[in-house]
Amino acid sequence: KSIQPSHFEPALEAAMEAHLSDLEVIASSSSNDFDSILGAYDRAGSIYSKVGSVYGNYVSSLNTPDMQAVQTKMAPILSRHRSKCYNIPGLFEKIEMMHDIKDEMLEKGEWNAEQARLAERVYIGFVRMGAKLDEESKKEYADIQA
């Protein structure tokens with residue numbers, strides 16, 4: 001069987017739900033070590049990544065009216081999902097904590113350069129997506145992105 005444009009909406013919806021669930025588990029976890037936070041963050045959303053890759057390939061190569069309709073419908077939904085991922089209560093605080101200790105952990109030899117770089121990259125991503133903004137500004141930023 002082949003993939004049809006009508007398959008993308010439910011697949012993306014399920015993938016987004018699973019992705020948010022992955023991130024909520026990190027935010028609510030009592031563990032505060034690298035693997036429980038940044039390792040889990042790096043692995044989060046694997047289904048979303050796979051579905052998103054196929055969707056992106058179809059959007060760029062299958063320019064049919066049906067695919068265009070899916071893209072038009074899903075664009076704001078995908079944008080809102082991205083905003084939600086950066087605004088899960090407690091998640092940024094954990095990311096920021098990892099960022100704040102990265103130099104110390106690297107100096108002590110408890111983290112390698114790749115782990116420190118991941119802490120930096122993830123933290124910057126959150127800041128760029130408005131994680132340090134007040135709640136009203138976060139909503140405004142999400143509206144602009146959508």
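Calculation rules
- Residues numbered from 1 in each chain as written.
- Predicted model: local features only at pLDDT ≥ 70, side-chain atom pairs only at ≥ 80, totals over all residues.
- Heavy atoms only, no water.
- Helix = DSSP H or I, 4+ residues; strand = E, 2+ residues; numbered from the N terminus.
- Contact = heavy atoms within 4.5 Å.
- Areas by Shrake-Rupley, 256 points an atom, 1.4 Å probe, with all protein chains shown as cover.
- Lys, Arg positive; Asp, Glu negative; His and termini not counted.
- Charge placed at Lys NZ, Arg CZ, Asp CG, Glu CD.
- Salt bridge = Lys/Arg side-chain N within 4 Å of Asp/Glu carboxyl O.
- Buried < 20%, exposed > 50% of the residue type's maximum accessible area, 1.4 Å probe, protein only.
- Phe/Tyr/Trp six-rings, centres within 6.5 Å; stacked < 30°, edge-to-face > 60°.
- pLDDT = per-residue confidence, 0-100.
- Core = buried A, V, L, I, M, F, W, Y, C linked by side-chain atoms within 4.5 Å.
- 1 Å grid on protein atoms, 1.4 Å probe; cavity = no way out; pocket = protein on both sides within 12 Å on 5 of 7 lines; lining within 4 Å.
- Points joined across faces, edges and corners; volume = space filled by probe spheres on them.
- Nonpolar A, V, L, I, M, F, W, Y, C, P; charged D, E, K, R; others polar.

Participant: Whenever I open this one, the overall build of the chain confuses me. Can you help?
Facilitator: When helices and strands are counted, the chain shows seven helices and zero strands. Counting helices and strands in the order they occur from the N terminus, the chain gives α-α-α-α-α-α-α. For the chain, the C-alpha atoms occupy an extent of roughly 55 × 40 × 25 Å along the three principal directions. Considering only residue pairs separated by 6 or more positions, the chain has 72% of its internal contacts joining residues 24 or more positions apart. When the accessible area of the chain is evaluated, it comes to approximately 8,800 Å², of which 51% is carbon and sulfur surface. Once the 16 positive and 23 negative side-chain charges of the chain are each reduced to a mean point, those two points are 4 Å apart.

Participant: Help me understand the pattern of salt bridges in this model?
Facilitator: Side-chain pairs of opposite charge can arise where the charged atoms are in close proximity. All chains considered together, the criterion is met by eight salt bridges. Between Arg121 and Asp42 there is a salt bridge, with the nearest N and O atoms lying 3.8 Å from each other. With Arg121 in helix H6 (residues 113–128) and Asp42 in helix H2 (residues 34–43), this pair connects stretches of sequence that are 79 residues apart. Residue Glu110 is joined to Lys108 by a salt bridge in which the shortest nitrogen-to-oxygen separation is 3.4 Å. You can call Glu110 partly exposed: its relative accessible area is 46%.

Participant: I would appreciate a short explanation of the packing of aromatic side chains in the present structure.
Facilitator: The way to describe two aromatic rings as a pair is by their centre distance and the angle between their planes. Under the definition given, this model contains seven aromatic pairs. Note on Phe92 and Tyr123: the rings are 5.8 Å apart at their centroids and 25 degrees apart in plane angle, and the pair reads as stacked. Of the two residues, Phe92 is situated in helix H5 (residues 91–107) and Tyr123 in helix H6; the sequence distance between them amounts to 31 residues. As far as the burial class goes, Phe92 and Tyr123 line up, both buried. The structure contains a cluster of three or more aromatic residues connected by ring pairs, namely Tyr41, Tyr86, Phe92, Tyr123 and Phe126.

Participant: What should I look at first to understand the confidence of the model for the chain in this one?
Facilitator: Where the model shows low pLDDT, its predicted coordinates should not be examined in detail. Residue-level pLDDT values for the chain average 94, and 99% of them are 70 or greater. Ranking the helices and strands of the chain by mean pLDDT puts helix H1 (residues 8–28) first, with 98, and helix H7 (residues 135–145) last, with 82.

Participant: What is the right way to read the side chain of Ser83 from this model?
Facilitator: Its place among the elements puts Ser83 in helix H4 (residues 65–85). When residues no more than four places from it in sequence are discounted, the contact partners of Ser83 are Met129, Ala142 and Gln145.

Participant: I would appreciate a short explanation of the nonpolar core in the present structure.
Facilitator: Nonpolar side chains in soluble globular proteins tend to be buried together. Formed by 26 residues in total, the largest nonpolar core has its most connected members in Leu23, Ile26, Leu38, Tyr41, Leu91, Ile95 and Phe126. Elements supplying a minimum of two residues to this core: H1, H2, H5 and H6. Those residues within four positions of Phe126 in sequence are excluded, and the remaining contacts are Tyr41, Cys85, Tyr86, Leu91, Phe92, Ile95 and Ala131. In this structure, Leu12, Met16, Tyr55 and Met74 belong to the second largest nonpolar core, which totals 10 residues.

Participant: I tried to follow the layout of surface pockets on my own but got confused; where do I start?
Facilitator: One simple way to see leftover space: roll a probe sized like a water molecule over the atoms. Its boundaries defined by the atoms lining it, the largest pocket holds a volume of some 260 Å³. If you trace the largest pocket, you find 16 residues lining it, with Ser83, Asn87, Ile88, Glu135 and Lys138 closest to the centre. Mapped onto the lining of the largest pocket, the elements with two or more residues apiece are H4, H5 and H7. With five residues, the top contributor of residues to the lining of the largest pocket is H7. When the residues that make up the lining of the largest pocket are grouped by side-chain class, the tally is six nonpolar, three polar and seven charged. Quantified by volume, the second largest pocket comes out at close to 210 Å³. Residue lining of the second largest pocket: 14 residues in total, with His19, Tyr41, Tyr48, Cys85 and Tyr86 positioned closest to the centre. At the level of elements, H1, H2, helix H3 (46–61) and H4 are the ones that each hand at least two residues to the lining of the second largest pocket. Of the residues belonging to the lining of the second largest pocket, the class tally is six nonpolar, five polar and three charged.

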